[in-house]
Amino acid sequence: MSQTAATTAIPQQSKAPTGLALFFYRMGKSFQTPTPYLTILGIFLWVFTWWLLCEGLRVDRFDKIPGPVAVSKDLFSTTPFQGVSIFTENYWNHIYVSCWRIAIAFSIATGIGVPLGLFMGWSRRIRDYAFPILETLRPIPILAWVPLSILMFPGFEAPVIFLATLASLFVTTLNTMLGVDSIDEAYFRAAGCLGSSNWDIFKNVVVPGALPFIFTGLQISIGVAWFSLVAAEMVSGDHGLGYLIVDSYMNNVTVPMVIGMITLGFVGWLTSVMVRMLGNWLMQWHVKALALQGR
Amino acid sequence: MATQKNRGALSIRNVTKIYDPEGVNVMAVDNCSMEIAAGEVCMIVGPSGCGKTTLLNAIAGFHSITHGEILLDGELLCGPGKPKADQGAERMVVFQHGALFPWMTLAQNVAYGPMVQRTMRKKAALEKARDMLAEAGLGDVTDKYPGEVSSGMSRRAEIVRALINDPKVLLLDEPYRAMDALTKSIMHESLLETYDRTKVTIFFITHDLEEAIFLGDKVHVVTTRPCQLKKTVTVDIPRPRTFETQSSEEFRVLMEEVNEAVHEEAIKAFQAGERELA
């Protein structure tokens, strides 16, 4: 025997990719799977159906709704027929106003909701005080708060932000509290054994342990914030995407209405992605553990 | 590590624990007494759900006891007037399913104890943690998260996390239960090696008889719930023990002796059909 058992040589990898290189590596990998193609096909089918109903076959009642051709013509036109396109200042102003309101509402809701949820999860006593009230207020639909918020706050801005904050706050608080509940008792015991003070346990067990739930909650809560913001803008607003939609409808210009809806979808999705990315960045341990499970 | 042999003696005297879930009294431990000498490896063997863990929880200070007393080196941990022991780093627990904090790297986990006890600064603690992990053969994974390493590695790291605090007693609650036989035997050797180095008192709960005899100085067989001491078997196989020990004649004889006592209890436990208590 001239040669011993043949082994397959593993190609030498110089270094595990990180950062942007890792992003492109994953992109490249994903193009070898059906996922991106199915996504594109799904979008195409959806737009095609829309076109067929509104512009192709002109089905009864759908003929009043602008189809994809009419919408994209206006959206990318420097002189839009119905007044709103990516080249008009008011389009960007509506987006800016809504985003700004979401930023304020989401920040307040997170700033109050996360600490409140953490303390409610951690301390039986605080939970006994706050939980029944929270559970009674939570089922009240946000739209039912509209009259009250108009009475309570002056102007256009404050009531709208209040409503978005309220909706977001309930979700964040509840998820954070459940996050603390989800922490395995063994971690508290281990921390106690190792000589932790209560504050150490809060900092090193309660907060990081609840983090995965908190970020799931924040993703839902930013969606809920958009939902209630738009509802509020429709009822009482002077700007913003919700206002654009309802105002266009009132003035019988349907293209800006649809443009407003599509924009909302994209902006909402974008904010949700931003929250998820922040979460993943803060929870490397969680991401790595999930990745190893093949998820 | 400077460890005196004359510390870590546990006295469990007439301990009784009665649970009261939903208004029905359940006796988990009944008038149980045992003496564990300093630096001894004491194995507690009994059927599942017999109240062994209740005993461990009482020593660690997770649960109170109803009667009796527990002393560590002559000092009262819990007893009349003080039903629940304070938790402290002199009694370190290694948990059944592992309790390394998944959000900290192995080094951060190990450094955690000295840091919160303010016995070391962060930098020094991390340095010592890395050294101790390297000593335990985990030098390459000190900066990985527990979710990224094997269960054997994380369990070993958990023992290092306990030992960095220089505890008097190490309390292990079936730490190798979920492991396959091959990993288990490696874990055993590593634990024995650690013990030979530190001579820390070990209180080890298991229902694996081979494990009990292979590791222990004494094997305490306890009855099914309520937990009482049934029989104590002294393992006089000299240390250091290697895996060949397990095929020796004296090992086989001891196995038979322990097996007989345990089997009887296992049948009773099975007939009672009781669920495990926490």
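Residues numbered from 1 in each chain as written. Chains lettered and ligands numbered in written order. Predicted model: local features only at pLDDT ≥ 70, side-chain atom pairs only at ≥ 80, totals over all residues.

All right, on to the domain arrangement of chain B then. All names here are of chain B. Domains assigned within chain B are domain 1 (10-90 + 168-272) and domain 2 (102-166). For domain 1 versus domain 2, the distance between C-alpha centres works out to 26 Å. Listed as interface residues are eleven residues of domain 1 and, on the opposing side, ten residues of domain 2. Residue contributions to the side of domain 1 that touches domain 2 peak at six residues, all from helix 5 (residues 181-198). Considered class by class, the residues forming the side of domain 1 that touches domain 2 number seven nonpolar, four polar and no charged. (Domains from an automatic or database assignment. Contact = placed C-beta atoms within 7 Å. Helix = DSSP H or I, 4+ residues; strand = E, 2+ residues; numbered from the N terminus. Nonpolar A, V, L, I, M, F, W, Y, C, P; charged D, E, K, R; others polar.)

Now for the sheet that holds strand 4 (residues 67-72) of chain B. All names here are of chain B. The four strands lie next to each other as 2-1-4-5, forming an open sheet whose pairing is antiparallel. This sheet does not close on itself; its edge strands, each paired only once, are strand 2 (26-36) and strand 5 (75-78). Ignoring which end each strand starts from, the neighbouring axes of this sheet average 30° apart. The sheet contact formed by strand 1 (residues 10-19) and strand 2 spans seven bridges and is antiparallel. In the sheet register, V15 faces strand 2, and the bridge partner there is C32. (Pairing = 2+ DSSP bridges. Axes fitted to C-alpha atoms, helices over the stretch in contact; angles between N-to-C directions.)

This part is about the interface of chain A and chain B. On the side of chain B, 21 residues touch chain A, which itself brings 16 residues to the contact. Those elements that provide at least two residues to the side of chain A that touches chain B are helix 8 (185-193), helix 9 (198-235) and helix 12 (284-292) of chain A. Per element, the largest residue contribution to the side of chain A that touches chain B is six residues, and it comes from helix 8 of chain A. Of the residues contributing to the side of chain A that touches chain B, the split by class is nine nonpolar, four polar and three charged.

Time to look at the sheet that holds strand 6 (residues 91-94) of chain B. Whenever strands of a sheet pair, they do so through backbone hydrogen bonds, lying parallel or antiparallel. Residues and elements named next belong to chain B. If you walk across this open sheet you meet the six strands as 6-7-8-3-9-10, and the pairing is mixed. Since the sheet does not close on itself, it has two edges, and those belong to strand 6 and strand 10 (229-234), each with one partner. Each strand of the sheet is rotated relative to its neighbour by a mean of 20°, with strand direction disregarded. Pairing of strand 3 (residues 41-45) with strand 8 (residues 201-206), which is carried by five bridges, proceeds in the parallel orientation. Residue pairing in the sheet places V41 in a bridge with I202 of strand 8. Packing against the sheet, helix 7 (residues 249-272) makes contact with strand 3, strand 9 (218-222) and strand 10, and its axis sits at approximately 170° to strand 10.

Right, let's get into unusual backbone geometry. Note: most residues except glycine have negative phi, and most peptide bonds are trans. Located in the positive-phi region is R58(A), a residue other than glycine, with phi close to 50°. Here R58(A) shows up in the loop between helix 2 (35-56) and helix 3 (68-75). The exposure class of R58(A) is exposed, given the 12 C-beta atoms found within 10 Å. Although it is not a glycine, K199(B) sits at a positive phi angle of roughly 55°. (Buried ≥ 20, exposed ≤ 12 C-beta atoms within 10 Å, placed from the backbone.)

Here we take up the environment of A157(B). All names here are of chain B. Within the fold, A157 resides in helix 4 (residues 151-163). By C-beta crowding, A157 is classed as buried, having 27 other C-beta atoms within 10 Å. Considered as a pair, A157 and V141 are 16 residues apart in the sequence and their alpha carbons are 9.9 Å apart. Non-local contacts of A157, meaning those with residues more than four positions away in its chain, are made with L100, L106, N109, V110, L133 and L138.

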